[in-house]
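Summary of the model geometry
Each chain, written out:
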Amino acid sequence: MFSEKNISNLIFSVPFIGILLSTLLFTTLIINSEYTSLKNDTKEIRENYISNEKKVLKRKIKEVLNFIKYSTFKDNKELLQKNTLNYIENIIAKDNGYIYIIDDKANVISHPILKKGTNTAHLKDKNGFKIAENLIKTGKNHTDGNFLSYYWTKPKESIQKEKTAFIYYLKEWNWVIAIGGYMDVVEKDILNKTKERETLLYENVSYSIFVFIILTILIFIFSYFFSRMINKIFIKYKKDVLKKEEELKNLNQSLKNQADDEVFKRTKKEEELKLAYKEILTGLPNRIKLAQVLKHRTCLLYTSPSPRDQRGS
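This text gives an overview of the structure that appears in the document. (Residues numbered from 1 in each chain as written. Predicted model: local features only at pLDDT ≥ 70, side-chain atom pairs only at ≥ 80, totals over all residues. Heavy atoms only, no water.)

On to the pairing of strand β5 (residues 175–182), then. A large share of β5 lies buried, amounting to 7 of its 8 residues. Here 4 bridges tie strand β1 (residues 99–102) to β5, and the two strands are oriented antiparallel to one another. When the bridges of β5 are listed, Ile102 appears paired with Val176. The pairing of strand β4 (residues 160–170) with β5 spans 8 bridges and is antiparallel. Paired with Thr164 across the bridge in β5 is Gly181. Once β4 ends, the chain turns through 4 residues before running back antiparallel as β5, passing Asn174 with a positive phi of about 60°. (Buried < 20%, exposed > 50% of the residue type's maximum accessible area, 1.4 Å probe, protein only. Helix = DSSP H or I, 4+ residues; strand = E, 2+ residues; numbered from the N terminus. Pairing = 2+ DSSP bridges.)

Okay, structure coming up:
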């Protein structure tokens, strides 16, 4: 229940809670904004990184085509193919994992694990996706090459992971060339690129929380001393009011006492006047009363017209 004792608590709590909630809301908005920014930046980094990786894969295939185009062994197809495979396996694949080549019958031409001539038509990923069939289809349907995603087991590992490959069909030699990268490696690189931004975000969030704590302490101190100051003013005002009220009571009592004195004096005077015209022992009118009556009647006698005067008139 509200009382005078709760005024200081009310003065302390209302501004403190109000400013505290405002500061908390402001800090929450800042943190949310930072996380939203990080999310958008991470998305942008991922899209740009994947886009750049795809450009690298396409560029490597272009390097193979340029090697064939500008080779000095154009007249010797078998030697040109041998040199091209050597270039792919020892130059191109060295910096980009590995490149594998199959013909349009899914037979292996070059692969770091599978033997040459092995038929891969039966190979499927964990989702039942026919890998060789779709590699051949993608290569033949896109003369400039295209990308294909599927799951495959990395060398020296046992779990299939998502892989994105660039497929190109070299029609002259009936080669389906595939060069790709695993998404876990991509995600790792993306994570490294976003780590710096995450660190910056955590610093900003920590700073915001620190500022929030400092503001909370300052608000608490301000509200505490402000409420004490207001409470002192209120107590002083209350004392002044009580003092004025006491003075008014005293003044009212003084006026009442004066009025009672006047009434008492008047009553006493009337009693004294009554006693002045009576004998104390008998209670009968005394000589003063008799003299007053005679005087009154004499005045009436002289002021009233005589019967003679009335007849004459």
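After that view of the structure, there is still more to cover.
This paragraph deals with the packing of aromatic side chains. Inspection of the entire model under this criterion finds 3 aromatic pairs. Judged by centre distance (4.8 Å) and plane angle (75°), the ring pair of Trp173 and Trp175 falls under edge-to-face. Overall, Trp175 belongs to the buried group, its relative accessible area being 4%. Directly above the aromatic system of Tyr151 lies the positively charged group of Lys126, at a separation of 4.3 Å from the ring centroid. (Phe/Tyr/Trp six-rings, centres within 6.5 Å; stacked < 30°, edge-to-face > 60°. Lys NZ or Arg CZ within 6 Å of the ring centre and 35° of its normal.)

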